[in-house]
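What the coordinates show
One-letter residues, chain by chain:
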Amino acid sequence: MFMNLYILLLVVTTLAVVLSRRTMYSILFLILLFAMMAVFVLSLKVDFIGLIFVIVYVGAIATLFLFIIMMLGGEDWISDPAMDVETYQLLLGCGYRSN
């Protein structure tokens, strides 16, 4: 049961990476996805591959993407208070209610 829920969470996070409108949020979801994949592989008792996921993908590639996007003009994501509501609706599975 736990593994099915975790795999569903992995699929939802993958969709959040693809469907996110802002590049910075997509990179952050990608880092979350790589970390979740490492935990999944570690739960299968394949320790070396899980550590390689963390060191290579999260530590090097995703961080490199993050710094490149920020250097090329990704600073507008900080000043914009509007978030990508559709992505968070997809992640949380609940509707967005405004007052």
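For the structure, check the block above.
Everything numeric here is computed off the predicted structure, so don't read it as measured data. (Residues numbered from 1 in each chain as written. Predicted model: local features only at pLDDT ≥ 70, side-chain atom pairs only at ≥ 80, totals over all residues. Heavy atoms only, no water.)

**Looking at helix H3 (residues 47-71)**
Over its 25 residues, H3 extends 34 Å from the first C-alpha to the last, a length consistent with the 36 Å expected when each residue adds 1.5 Å. Largest kink in H3: about 30 degrees, centred on Tyr57. Within the sequence span of H3, burial applies to Gly50, Phe53, Val58, Ala62 and Leu66. Packed against the buried residues of H3 are helix H2 (23-43). (Helix = DSSP H or I, 4+ residues; strand = E, 2+ residues; numbered from the N terminus. Expected span 1.5 Å × (residues − 1). Bend = angle between axes of the 7 residues up to and from the residue. Buried < 20%, exposed > 50% of the residue type's maximum accessible area, 1.4 Å probe, protein only. Contact = heavy atoms within 4.5 Å.)

**Some details on the nonpolar core**
In terms of nonpolar packing, the biggest core is built from 17 residues, with Tyr6, Leu10, Phe29, Leu30, Ile31, Phe34 and Leu66 touching the most fellow members. In terms of residue count, H2 provides more of this core than any other element does, 10 residues in total. (Core = buried A, V, L, I, M, F, W, Y, C linked by side-chain atoms within 4.5 Å.)

**Examining unusual backbone geometry**
A positive phi angle, close to 65 degrees, is found at Lys45, a residue other than glycine. Looking at the element boundaries, Lys45 is found in the loop between H2 and H3.

**Notes on the packing of helix H1 (residues 2-19) against H2**
Describing two packed helices takes the angle between their axes plus the distance from one axis to the other. Packing of H1 against H2 brings their axes to within 9 Å, and their N-to-C directions diverge by 155 degrees. Classified by the interaxial angle, the pair formed by H1 and H2 is roughly antiparallel. In the crossing of H1 with H2, the sense of the turn from one axis to the other is left-handed. Contacts between H1 and H2 involve Met3, Tyr6, Ile7, Leu9, Leu10, Thr13, Thr14, Ala16 and Val17 from the former and Ser26, Phe29, Leu30, Leu32, Leu33, Met36, Met37, Val39, Phe40 and Ser43 from the latter. Per-class residue counts for the contact of H1 with H2 are 15 nonpolar, four polar and no charged. (Axes fitted to C-alpha atoms, helices over the stretch in contact; angles between N-to-C directions. Parallel < 35°, antiparallel > 145°, perpendicular 65-115°, else oblique. Left-handed = near helix turned anticlockwise from the far one by under 90°. Nonpolar A, V, L, I, M, F, W, Y, C, P; charged D, E, K, R; others polar.)

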